[in-house]
Amino acid sequence: MFVPSRRSLRLVEIQESVLPEDEWLIGISDLGYFKGVGYSMPIVNEYGDENDLGNLYAFLPGLFYCSSQQTSVDAVLIEVTHKSLSGVMLPSFRPEDVRTFDVSGGLYLDEKGKIKPVELTTDTLGSFGVESFLRDSGLKQEAFNYKREVQIASHLAGIVPLSELKKAYVSSSFLQSRLMKLLDDIQFYGLKPRKRVYVRNRNHPYGTVVDVKYGGLDDETKFETGVRLRIPDDLRLEKELSNLSFSKMVDSGVEIDVERAILDMLLYVRFELEGNVNHKDVLKKLFEEESG
């Protein structure tokens with residue numbers, strides 16, 4: 001996971017390895033807020049075991065599009081559970097399960113098959129033909145039959161430098177369809193709070209989108225310091241998420257709860273995009289040059 005050295009909006013994708021089958025999440029966020037992914041401190045439930053890591057959550061506030069629910073949310077919260085595999089404890093969520101894209105453009109193949117740089121616009125998204133590139137590289141179809149994503153990464157990594165590989169990925173048709181869903185959602189619904197969050201935990205192992213209410217939001221344009229978020233349809237989940245605390249790494253570093261972090265991020269997204277929600281402006285902001 002790439003964390004910019006300064007605060008900036010970036011395209012963020014959560015890898016399928018930590019999501020239910022056929023689910024994908026893509027959005028915009030500022031990873032400088034938590035210096036990566038926010039992790040809550042473990043909290044022992046009232047009747048819990050001190051060795052239980054329940055209530056340990058990975059947290060990304062921002063604007064995210066969820067494929068299965070076909071809707072956008074203000075944040076993603078994934079409980080970090082552990083399972084044993086051959087005697088090794090494996091977490092269900094790791095920082096490397098989040099992709100960020102620190103690129104200022106994409107790639108395309110010209111008529112001679114040469115790789116050329118290109119500015120990322122709605123017209124050039126999907127311009128890098130992965131299949132034809134892999135075919136021209138001499139790889140056999142069987143080599144990338146079973147795990148498309150893993151195959152593309154492993155084989156292209158040996159052919160293309162990492163910096164160029166990122167550009168190839170963001171300008172591939174694979175990402176194009178997902179990114180356009182996000183861009184369409186932002187353009188249609190604007191930058192207003194969605195008042196929904198995506199949650200995956202032991203009670204919702206396949207992930208769910210829940211409606212929330214923010215005590216610190218008195219209307220659609222003004223934010224104030226408020227109370228904990230409310231989840232009217234799931235009081236158990238409301239209590240669980242309301243008790244989470246995260247270390248905010250910007251602005252002198254303080255402890256912050258889920259609601260305040262979400263409202264902070266929504267304000268930052270609105271500030272960075274300057275209210276512009278059309279495809280062109282959002283793409284320009286997401287893929288601007290990283291400088292320092």
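Anything mentioned here points back to the structure above.
Bear in mind the structure is a predicted one, so any value in this text is a computation, not a measurement.

What counts and what doesn't
Residues numbered from 1 in each chain as written. Predicted model: local features only at pLDDT ≥ 70, side-chain atom pairs only at ≥ 80, totals over all residues. Heavy atoms only, no water. Helix = DSSP H or I, 4+ residues; strand = E, 2+ residues; numbered from the N terminus. Buried < 20%, exposed > 50% of the residue type's maximum accessible area, 1.4 Å probe, protein only. Contact = heavy atoms within 4.5 Å. Areas by Shrake-Rupley, 256 points an atom, 1.4 Å probe, with all protein chains shown as cover. Salt bridge = Lys/Arg side-chain N within 4 Å of Asp/Glu carboxyl O.

Asks: Would you mind showing me how to read the overall build of the protein chain here?
Replies: For the protein chain, the count of helices and strands is seven helices and 14 strands. Classification of the 292 residues of the protein chain by burial places 48% in the buried group. Once local pairs closer than 6 in sequence are excluded, the contacts in the protein chain between residues at least 24 apart make up 63%. By element, 50% of the accessible surface of the protein chain is carried by carbon and sulfur atoms, the whole surface being about 14800 Å².

Asks: Before we go on, may I ask you to explain the environment of R230 in this structure?
Replies: Positionally, R230 belongs in the loop between β12 (208-211) and α5 (235-242). We classify R230 as partly exposed; its relative accessible area is 43%. Not counting chain neighbours up to four residues away, the residues in contact with R230 comprise D211, V212, K213 and E238.

Asks: What exactly am I supposed to notice about the pattern of salt bridges here?
Replies: Side chains bearing opposite charge may pair, as long as their charged atoms lie close to each other. In this structure the tally under the stated criterion is eight salt bridges. Here R7 and D30 are joined by a salt bridge, their closest N and O atoms 2.5 Å apart. On the criterion of sequence distance, the pair formed by R7 in the segment before β1 (10-14) and D30 in the loop between β2 (25-29) and β3 (38-39) is long-range, its members being 23 residues apart. Among the residues examined, R7 registers a relative accessible area of 28% and is labelled partly exposed. We note a salt bridge from E272 to K285, for which the minimum N-O separation is 3.5 Å. Here E272 is found in helix α6 (residues 258-273), whereas its partner K285 is found in helix α7 (residues 279-286), with 13 residues between them in sequence.

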